Every structure is written in C-alpha cells, then in structure tokens.
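Structure assessment
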Amino acid sequence: MYNKHSDSDWLEAIVTGSIGAGIVTSFAVSQGQHPLVGLAITLFAGISAWLIDRALT
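Residues numbered from 1 in each chain as written. Predicted model: local features only at pLDDT ≥ 70, side-chain atom pairs only at ≥ 80, totals over all residues. Heavy atoms only, no water.

1. Notes on the overall build of the protein
- When you go through the protein residue by residue, the secondary structure sums to 2 helices and 0 strands.
- Within the span of the protein, comprising 57 residues, buried residues form 16% of the whole.
- Summed over all atoms, the accessible surface of the protein reaches about 4,400 Å², with 73% contributed by carbon and sulfur. (Helix = DSSP H or I, 4+ residues; strand = E, 2+ residues; numbered from the N terminus. Buried < 20%, exposed > 50% of the residue type's maximum accessible area, 1.4 Å probe, protein only. Areas by Shrake-Rupley, 256 points an atom, 1.4 Å probe, with all protein chains shown as cover.)

2. A few points about the UniProt feature "transmembrane region" (unreviewed entry) in the protein
- Mapped onto the present numbering, the UniProt feature "transmembrane region" (unreviewed entry) falls at residues 10–29 and 35–52.
- Annotated as 100% helix and 0% strand, the span residues 35–52 places its first and last C-alpha atoms 26 Å apart. (UniProt positions renumbered as here; feature names shortened; annotations may be inferred.)

3. As for the packing of helix 1 (residues 9–30) against helix 2 (residues 35–56)
- Two elements in contact, helix 1 and helix 2, have axes separated by 7 Å at closest approach and are oriented at 150°. Taken together, the axis directions place helix 1 and helix 2 in an arrangement best described as roughly antiparallel. Regarding helix 1 and helix 2, the two cross each other, and that crossing is right-handed. Each of Asp-9, Trp-10, Ala-13, Ile-14, Gly-17, Ser-18, Ala-21, Gly-22, Thr-25 and Val-29 in helix 1 lies in contact with helix 2, whose residues at this interface are Pro-35, Gly-38, Ile-41, Thr-42, Ala-45, Gly-46, Ala-49, Trp-50 and Asp-53.
- Per-class residue counts for the contact of helix 1 with helix 2 are 10 nonpolar, 7 polar and 2 charged. (Axes fitted to C-alpha atoms, helices over the stretch in contact; angles between N-to-C directions. Parallel < 35°, antiparallel > 145°, perpendicular 65-115°, else oblique. Left-handed = near helix turned anticlockwise from the far one by under 90°. Contact = heavy atoms within 4.5 Å. Nonpolar A, V, L, I, M, F, W, Y, C, P; charged D, E, K, R; others polar.)

Shown next as structure tokens:
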C-alpha cells in the first residue's frame, strides 16, 4: 500500500547527506579552509549517504 522505496529515495539520501555536510564545511570555509576541500567533503558525504541508504534497504 505504501511504497517506501520510491525512485526519489536515492536523491533524498544524497541531498540530506550533502546538506548536513555542507553546513559544517561552509563554516570551515569561512574560517579559512580551501573551498575545494569543503566541496569534496560535501560530495563524499552525499555519496556515502546514498551508499549507506542502499546497503540498509
């Protein structure tokens, strides 16, 4: 009746992980961290969230 695993689940996992890491890395960039390092951390967090979501479902 309720399809929890819809086609947008992968997108939700990536966006949620990226937003969480993006908040922290944006503060780190404002304190002097290189922006590309912050972007790389954010991308890594998004991909990791997607992989963990796939592993748990």
